[in-house]
Amino acid sequence: MGNVQSGSTLTRTSGALDSFVTEIGGDITYEKSIGQARFLKTVKCRHRNGYLVIKIFIKHDPGISLRTYHRKQKVDREALLDIANIYNYQAFVETEKAGYLIRQWIASNLYDRISTRPFLSIIEKKWIAFSFFTALASAHLQKTPHGDIKSTNILVTSSNWIYLTDFAPYKPTRLPLDDPSDFSFFFDTSGRRTCGEGRKGEDWEDSERKERVTEAMDVFSAGCVIAEMFLEGAPLFTLSQLFKYREGEYSVDGQLAAIEDEGIRTMIKQMISLDPTCRPTFECILSGARGEVLAECFYSFLHEYVASISERKEPATNAGGVGEVLPSDNDHRIDRIWEDYSNIEPFLLPEQDVERTVMDVRVDGPALILLSLILANIRNCSLPSSRLRALDVLLALSAHLTDESKLDRAVPYVVELLRDEVVVVRAAAIRTLMQILMGVTVITPSNASIFPEYIIPNVRYLVQDAEVSVRATYAQCIAPLAETALRYLEMGQALKAHGVAPGVNSDRQEYDEVHFEVSYDTSLYDLHLSIQEQLSALLMDPSHIVKRAVLHNISALCIFLGRQKTNDVVLSHMITYLNDRDWLLRHAFFESIVDVAACAGGRSLEEYILPLMVQALSDVEETVVARVLSALTSLCELGLFQKMRIWELMSATLCFFYHPNVWIRQGAAAFIASAAKRLQPSDVWCILYPSLRHLLRCDVKEIDEQSLLTAMKPPLSRPVFDGAVQWAMRAERTMFWRGQRRSATKIESPRESIVQLLKLQNLGMLPADEMKLLAMRDYILKLANNASSFASRLRLEPDYEKIIRTTGDVELQKLSVVPQTVFLKSRAPTSDHLRSSRQPSSRLSSDVLGRLSTPRMSRTTSTDHGPNTAAFEELRRRLATINGSASSLNLAAAARERAGHQPHQSSLPGTANSAPSQPSMLGLPNPLPGHDRPSSPTDSVVSTANSSALRVVHRLQVGSTDGQKAAPAVGSSNTNAIGVLEAPSRIRSECSPERSGRSSPVSMAGTTKQSHRPRVTSLNPISTYDGQEVGINNFLENLYLDSNRELQHDFGPRVHDGPIRRRNAARQSFLPRDNSNRRVEAALIAHLQSHSDCITGLAVAPDHSFFASSSDDGTRSVTSKPRHTYTQHHARVKSICIIEGVHCFASAAEDGSLHVVRVHVNQSGSLPKYGKLQAVREHRVEAPGEYVTCMYHFNTDAASNLVYATSHSVIATLDLRTMRVIQRLENPRHFGSITCMCLDRKRTWVLVGTSSGVLSLWDKRFGLLLKSWQVGRSGTGRMVRVHQCVVHPTKGKGRWVMSLHLCTSTLIEVWDIEKTVLVESFVTRTTTSASEPTPEPEEQTGADAEQSPGAAIAALVNSRYPGGAAYANFSKRDRRTSQSIYHEDPLTCTFPGRSSEIVDLSADVPTSNRNRGFMVSGSEDRRIRLWDLSKLERTSVLVGAEPDYERPNYSTIRSTNGLVTNNVETWVESPTSSSHNNRAPQRMSMITHNQHNLLKSHHDIITALACIDSPFRGGIVSGDRAGVIKVWRVGPGE
């Protein structure tokens, strides 16, 4: 392109450039022209994606083709694409008029950056040079020379990252000596006539122009650019100087002498050598400068790291929804630097032990490069967390920066963040700013006034920040701010008085001219005035937190302000804090009063501070009193008290020796000991000690703190002290407290004083305490007076507006608002045998009510309704609330029969806008002839569609005076309608977006919250509130519905906890009345075969009126017959539990479904009657393939909590009232699926067991996983499944947990979950001789569970295969010993659902034996054992004893240290069993024996157990794997 141009084109006009831009496309708009280039016209254009730079080559002949150059540009672009510091043209477009080179626009180039503040430092110039050489070396490796290297073609970003652009190998390589027009046409784009292009300085003859650009040419040009950068923008050559340099008539040594770095000067001289062969290549330049001229970290780390950070990330997608802030590229860069800083910092340290200096002035290192990168991204971060991390990195980098860089570069960006919109960022910016300013030790003259002119004006407004946390942070920093500002002022004064540091003399004259008139005293006065103004605002801040923050470091401010300002400003405001109700503020006052008193002087201490401290000794908060005593001790140690003051203070503090608070007693002893050191020995032993002696139990040798605390008499007990204070609060009429100093109109009689003393004696006051009470009389009286005045002060405070404008919480008591107690009325109790067939209207109205108010309307039964009057009044109140005008809701059946008498009609009072001729009437339909009350919703006269129609009436106001539409007709249907209604689970407006999965529908009351409808007072009020405030009425209604949600025909009435005993019923217990060792036996009561597959769970009703069973056959049965079978689960039922306090149970199936089913029980007759089952709640777990494995239910005041665990290791708490998951915990999945769980009695923690034998302890309050450990490995070293875990019923104080798992011999292990140690085991063994010794138990600590999934999988594999490492670690000796003693086949056991049910079996035991606990266990050997936890010898095998063995023996074996206990069950093989087996048994005896034992024992593994106490006590229900359920009655044997 360049070499084919003729001289005639040099004068050719280019025309309007915007007309050329329009040829490219309509989406590119011409902005302005850049530079004065004549060869390639450069313009700036605007595109929808940003600004562009377009270089236009105007064709003088339309026939010129640029296709060759187009191909060359495409090849160069692809070759340079992966080089980090090169940014070539992005597109090439050719038209008939011109050719276009297009790239993105970048604001700054190297020529502009050299003259822009902050000026480039030495390390930044070397960093740019290194990046520049690296880019050129990589380009020449790709055989792509540049051809036009100059400072304007090096683009520099705000982070000092450079891009080499505008490659021009097509420009001519030679220039004529006698014609400068070619130079002006092709190269002088700026018009400065500077010449730094390499080839122009190399070849001087006007000969062949088509020579290619060589690397030596680019090296010469690069040397000129580097020289220009280090010479602060001064060009090395002009065109005439370049020609002279070629002839040897011009030397650059004088210019290069201004460069201080010798290595840079030498490198530049080599690069601009006249001989091209003497110029080094770029690779040689980089290798020669490594570690000498250029820092080693550029090569080894920094360049590659910054290049990787500068790469553009993939744009994030808004997956979180509209309005969510997404992280930008700046956020990603900041986060990466923050995460990698620990690896970056070693490269920022100086290479030598001594810091690098130039002429005794410290210079910046590589940390400045990273600082520029941080500052370039911090202001454009989208996330507040990124800005916080950037502040952290800035603070860490400040340790590696010079003081000038801290002030000139970092501080302005931190000050800008003081105005950030996020609170935490503003607070963090305050702390970071102060820490950076405090780290500066040397300032330059230009920064001498940084505080008065820049820092203080920008932080002044922080005292008025809307957020308390920002003001509190600034209050903490104001003391170091004042100290640092004073230090900067003194450093500036030293610069003016003694000169400036070397290297900055050029700034001194300008500095002196500007600041000469400002004296040091004037500056100090202005600084004091500014700090005083801000301090006063903070001391009067309405927030107590800000006030306490100011007091945190008030001593430094007192020293800064001086004695006069301390008294006038600080002390005058601090005194007001003692009247504040916040005891923490009063405590902070006395924490800081010692330093303030030392600065304020002795007069202020005597006249102001000391009287307040004496008064505060009777503060109502004891912590404040202790702090006052500590402050008095400190002031006494400083010698600030006169002798008479010490005597007065000692007399006021001696009574504290009897105070029940140990801190106050220690403070009093410390003050007495400190005061004794300030007195003469004669005064101590002659005056002080006689007053002190009666307070001590014995004499002391020395009066020091330790001796006094040791010899001190016991104090008054806390109940006696509190009782005395309450007595003293009536001191105006009490003779004891009034003494001789007061007169009262009414004096308490001696009889009343005796009564009060008797009360104190009942609280524990001894005769010796009477003297202690007398000694503390004055203190207690002052304390009582302060407590009374403190309580009454709030009622007398008149400044209501000040309270209302407070930014904190508004206390209604300060506004004299008298609270009103409102009682919610309870609903009428439900009845299971209501309404007979003689009252059809009553039954129907009640049925309609039930459908209106029951969440699951399609499944309402007749036993859910309350009495007719309550139902009728409730319906009237609801309909009156729905429509406030004089309207009527007339059902079709009643409308057709309105002529004549209508039962149960009543008029509702109309509102102000209702027509008097249209009274509000309620007509309920009469039943159709021949229809009695249906027994189920299937046969109901009023269908479910009718109920839905009534809800539509409510929503659309059908039948009101506003719309003349006909009321809907009421029909009957015998068709079942079953479904799940997705509706909000709380009472809220229907437009609310909040939802909960598979929640219960709301009742009709959920849609009555219409603000535009006036409320009609109910004829059946729900509370004692009789006001007309709509907001309060709505609040009470919602509160009423929430508190009675379990009574809204959902879960049924609450039932008695424990069996209800009938008169003359048998009350037999299996426990012997005496302490004999008689064993108990089990008698088979029932044998049930209603299930066809494994029994997975048993649950007993709270009043023991029925039990429910679940099975793998997908059904659940209720009671013994069974009375009902629930078949709505379409998969295996895996878990079942009873809902506390009601006749409901929850069951979960393998398909992820969870149903809560109500059992209708009527116990009014001699035998209970069971209605149909009704599903009242449904829920489904989230993940596919996940299902509930175990459940536990408990009630609280606010919720009905169902805690369940799933096969995907999720522990969730579901509120059955709202069907919301209120807590979700995720156990580590590599521990295995959760198989069981137990909660403590206070429901503060939950312990779960897994299929891999891991017990995990969770803190349920905070959702924290506390610990996880492996159990059940003591016998084989293998992982075993935890089948059940329960809290030990009698031992461990709730910290011992019994876990059951598969093991060779150990049935049950008892673990101390606090210490994670095994404390007890229940073991079974079989021997041939009763004398065979039992091994001693060994101590075992729970091994921590594998924390990583990979380690857990490896451990599982090793434990499953004998050849694994886990099996190998189990020694052969241990395996041989265990095989000789125990069975090889593993045993399984099952606990009953709750340990408390086992303890209930001992309710008839005498009081002396109430501490006995029991445990029932079933195992794989088909035996049911009753373990007596208090006396092991009474343990019995209830079911499953075999004739081949004698009755087992039970023994307890303890370890040597007594920490581990083994409860061993020993089976001894009968010696005659073999001889009996050899003898042929008689046929009839064998048949009789088999028939006798056929139903006696289980024939498969026992999988479930439960205990029942009705209709007889001591009952056990057991289920096995074959689906058989047996009911046993346990009692003493013969």
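Up top is the structure these notes are about.
**Notes on unusual backbone geometry**
Backbone torsion omega between R117 and P118 reads -10°, so that peptide bond is classified as cis. Its location among the elements puts P118 in the loop between α3 (110–114) and α4 (122–141). In this structure, H1104 is a non-glycine residue whose phi angle is positive, near 60°. Take H1104: it is sitting in the loop between β14 (1095–1100) and β15 (1107–1111). The phi torsion at R1422 lies on the positive side, around 65°, for a residue other than glycine. Considering the arrangement of structural elements, one finds R1422 in the loop between β36 (1414–1419) and β37 (1424–1428).

**Quick notes on the packing of α4 against helix α10 (residues 282–289)**
Following both chains from N to C, one finds α4 and α10 inclined at 140°, their axes separated by 8 Å at the closest point. Relative to α10, the crossing made by α4 is left-handed. Every residue of α10 that contacts α4 at F130, F133, T134, L136, A137, H140 and L141 is listed here: F282, E283, I285 and L286. Within the contact of α4 with α10, the residues separate by chemical class into eight nonpolar, two polar and one charged.

**Description of the packing of aromatic side chains**
Using the criterion set out here, one finds 23 aromatic pairs in the structure. Consider the rings of W127 and F298, whose centres lie 5.3 Å apart with planes at 65°: the pair is edge-to-face. Highlighted residues: W127 in helix α4 and F298 in helix α11 (residues 296–310), separated in sequence by 171 residues. Like F298, W127 is buried. An aromatic cluster of at least three residues, connected via ring pairs, comprises W127, F130, W161, F298 and Y299. Its end group placed over the ring of W1467, R1423 keeps NZ or CZ at 3.8 Å from the ring centre.

**Let's talk about the sheet that holds strand β18 (residues 1133–1138)**
Reading across from one edge, β18-β19-β20-β21 is the order of the four strands in this open sheet, with antiparallel pairing throughout. Each edge of the open sheet is held by one strand with a lone partner, namely β18 and β21 (1169–1180). The sheet shows a mean angle of 25° between the axes of neighbouring strands, direction not considered. Of the pairings in the sheet, the one linking strand β19 (residues 1144–1149) to strand β20 (residues 1153–1162) comprises five bridges and is antiparallel in character. By the bridge assignment, C1144 is partnered in β20 with R1158.

**Considerations on the environment of K143**
Position of K143 among the secondary structure elements: in the loop between α4 and β6 (154–156). Take K143: its relative accessible area is 67%, and that puts it in the exposed class. Considering only alpha carbons, one finds K143 and T214, 71 residues apart in sequence, at a separation of 9.6 Å.

**Remarks on helix α23 (residues 583–600)**
The end-to-end C-alpha separation of α23 is 24 Å, in line with the 26 Å expected for 18 residues at 1.5 Å each. Maximal helix bending in α23 amounts to about 45°, located at I593. Of all 18 residues that make up α23, 13 are buried, and the element is covered over most of its length. The N-capping residue of α23, defined by a side-chain oxygen 3.2 Å from the backbone nitrogen of L584, is D582. Phi turns positive one or two residues past the end of α23, at G601, with a value near 105°.

**What to know about the pairing of β18**
β18 sits mainly inside the fold: five of its six residues count as buried. Of the pairings in the sheet, the one linking β18 to β19 comprises five bridges and is antiparallel in character. From the neighbouring strand, I1138 faces β19, where its bridge partner is F1145. As consecutive antiparallel partners, β18 and β19 are separated by five residues, and within that stretch G1141 has a phi angle of approximately 85°, a positive value.

**Comments concerning the nonpolar core**
The biggest cluster of nonpolar side chains holds 216 residues, and the ones touching the most others in it are F132, F133, F298, I455, I593, I672 and I780. If you tally residues by element for this core, the top one is helix α18 (residues 468–498), at 13 residues. Leaving out residues up to four positions away in the same chain, F133 has contacts with A222, I226, M267, M271, F282, I285 and L286. One finds F1051, A1148, L1154 and L1214 within the second-largest nonpolar core, a separate group that totals 19 residues.

**Remarks on the sheet that holds strand β34 (residues 1343–1344)**
Strands in a sheet are paired, the pairing made by backbone hydrogen bonds, and the direction either parallel or antiparallel. Across the sheet, five strands lie side by side as β26-β27-β28-β29-β34; this open sheet has antiparallel pairing. Each of the sheet's edge strands pairs with one partner strand only, and the pair in question is β26 (1234–1239) and β34. Looking at chain direction, β26 and strand β27 (residues 1245–1250) are connected through five bridges and run antiparallel. For I1234, the partnering residue across the bridge sits in β27 and is T1250.

What counts, and where the lines are drawn
Residues numbered from 1 in each chain as written. Predicted model: local features only at pLDDT ≥ 70, side-chain atom pairs only at ≥ 80, totals over all residues. Heavy atoms only, no water. Helix = DSSP H or I, 4+ residues; strand = E, 2+ residues; numbered from the N terminus. Axes fitted to C-alpha atoms, helices over the stretch in contact; angles between N-to-C directions. Left-handed = near helix turned anticlockwise from the far one by under 90°. Contact = heavy atoms within 4.5 Å. Nonpolar A, V, L, I, M, F, W, Y, C, P; charged D, E, K, R; others polar. Phe/Tyr/Trp six-rings, centres within 6.5 Å; stacked < 30°, edge-to-face > 60°. Buried < 20%, exposed > 50% of the residue type's maximum accessible area, 1.4 Å probe, protein only. Lys NZ or Arg CZ within 6 Å of the ring centre and 35° of its normal. Pairing = 2+ DSSP bridges. Expected span 1.5 Å × (residues − 1). Bend = angle between axes of the 7 residues up to and from the residue. Polar contact = N/O pair within 3.5 Å; in protein donor to acceptor, adjacent residues only side chain to side chain. Core = buried A, V, L, I, M, F, W, Y, C linked by side-chain atoms within 4.5 Å.

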